[in-house]
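Coordinates in review
One-letter residues, chain by chain:
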Amino acid sequence: MKYYKKSKKIMDMDATEFIGGVSKNEIKNAMKSLSVDFPKSYKAFLADFGGGDIGGEIIFGITGNKEDDVVIVTQMERNQGLPKNLVIIGFWNDTLVCLDTGKMNNGECPVIEVDDDYSQMEVIADTFGRLLYDYLEEE
């Protein structure tokens, strides 16, 4: 959570477009729909911002839109073979960006990039908060 908190402090709100925070109940329903627990930092992001554009990249959230809703997009990809432990939070540089909820540790999990056929997976951050922080630092 420390990296998520740092991210919030350095976030340029003029370069973001979020839908607005969602309720704990909406987050709970999303997790139930996907049969996973979200990591603490991602739940905080959903509660604070809901999802949206941050400096040109979309972070999927609870939006109700088929293009960027974490539940809708993840369920569609699961129908194509995406492993059940993965939750899609973005599509950056033509690559799926996912939470690997099967590797939860102290309420957090790694963020990975996954190729088109789900055969290649690479850890790109140890937590969602770290992913967000590293991305904002590069901006």
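Scroll up a little and you will see the structure.
The structure reproduced in this document is the subject of the present report. Each chain carries its own residue numbering, running from 1 in the direction its sequence is written. Reporting of local features is limited, given that this is a predicted model, to residues whose pLDDT is at least 70; pairs of side-chain atoms are given and counted only at 80 or more, and all residues count toward the totals for whole chains, interfaces and linings. Side-chain measures here rest on the full set of heavy atoms in the structure, leaving out hydrogens and waters.

**Observations concerning the side chain of Thr101**
Definition in use: To qualify as a helix, a DSSP run of H or I must reach at least 4 residues; to qualify as a strand, a run of E must reach at least 2; elements of each kind are numbered from the N terminus. Burial classes: relative accessible area under 20% of the type maximum marks a residue as buried, over 50% as exposed, and values in between as partly exposed (1.4 Å probe, protein chains only). Contact criterion: two residues are considered in contact whenever any of their non-hydrogen atoms come within 4.5 Å of each other.
Mapped onto the elements, Thr101 comes out in the loop between strand S5 (95–100) and strand S6 (111–114). With relative accessibility at 13%, the residue Thr101 sits in the buried group. The contact partners of Thr101, leaving out residues within four places of it in the chain, are Val36, Asp37, Asn85, Val87 and Cys109.

**A short note on the packing of aromatic side chains**
The condition is simple: For Phe, Tyr and Trp, where Trp contributes only its six-membered ring, two rings pair if their centres lie within 6.5 Å, and the inter-plane angle classes them as stacked under 30 degrees, edge-to-face over 60, or tilted in between.
Inspection of every chain in the model, using the stated rule, returns nine aromatic pairs. Geometrically, the ring pair formed by Tyr42 and Phe128 is edge-to-face, given 5.2 Å between the ring centres and 80° between the ring planes. In this pair, Tyr42 is assigned in helix H3 (residues 40–48) and Phe128 in helix H5 (residues 128–138), connecting sequence segments 86 residues apart. Like Phe128, Tyr42 is buried.

**Quick look at helix H2 (residues 24–34)**
The criterion, for reference: The arc in question is the one traced by the directions running from the helix axis out to the C-beta atoms.
Where H2 is concerned, the buried positions are Ile27, Ala30, Met31 and Leu34. Buried residues of H2, viewed axially, fall in a sector of 95°; they line one side. Turned more than 90 degrees off the buried face of H2, the exposed positions are Lys28 and Lys32.

**Thoughts on the sheet that holds strand S1 (residues 16–18)**
Heads up, the condition is: DSSP-based pairing: two strands are paired if at least 2 bridges between them are found. Interaxial angle, 0 to 180 degrees, is taken between N-to-C directions of lines fitted to C-alpha atoms, where a helix line uses only the stretch in contact.
Taken together, three strands build an open sheet; the order of strands is S1-S2-S3 and the sheet is antiparallel. Each having just a single partner strand, S1 and strand S3 (57–59) make up the two edges of the open sheet. The average undirected angle you get between the axes of adjacent strands in this sheet is 30°. Pairing between S1 and strand S2 (residues 52–54): three bridges, direction antiparallel. Within S2, the residue paired with Glu17 across the bridge is Asp53.

**Notes on helix H4 (residues 70–78)**
Convention followed: For the purposes of these results, a polar contact is taken to be a pair of N or O atoms within 3.5 Å, where, inside protein, one atom must be able to donate a hydrogen and its partner to accept one; residues adjacent in sequence count only when each atom of the pair is a side-chain atom.
All of the buried residues along H4 are Val70, Val71, Val73, Thr74 and Arg78. Its side-chain oxygen 2.9 Å from the backbone nitrogen of Val71, Asp69 forms the N-cap of H4.

**Notes on the pairing of strand S4 (residues 86–92)**
With six of seven residues buried, S4 lies mostly within the body of the structure. As judged from the six bridges shared by S4 and S5, these two strands associate in the antiparallel manner. Its bridge partner being in S5, Gly90 is matched across the sheet by Val97. Where S4 folds back onto S5 in an antiparallel hairpin, the turn is made up of two residues, including Asn93, whose phi is positive at roughly 50°.

**Examining the pattern of salt bridges**
Let me state the cut-off plainly: Criterion for a salt bridge: a side-chain nitrogen of Lys or Arg within 4 Å of a carboxyl oxygen of Asp or Glu.
In total, this model carries two salt bridges according to the counting rule given. A salt bridge links Lys103 to Asp100, with the shortest nitrogen-to-oxygen separation between them at 3.8 Å. Overall, the relative accessible area of 5% leaves Asp100 in the buried class. Two residues, Asp134 and Arg130, come together in a salt bridge whose shortest N-O distance is 3.0 Å. Residue Asp134 and its partner Arg130 are located together in helix H5, separated by four residues, close to a single helical turn. Owing to a relative accessible area of 27%, Arg130 belongs among the partly exposed residues under this scheme.

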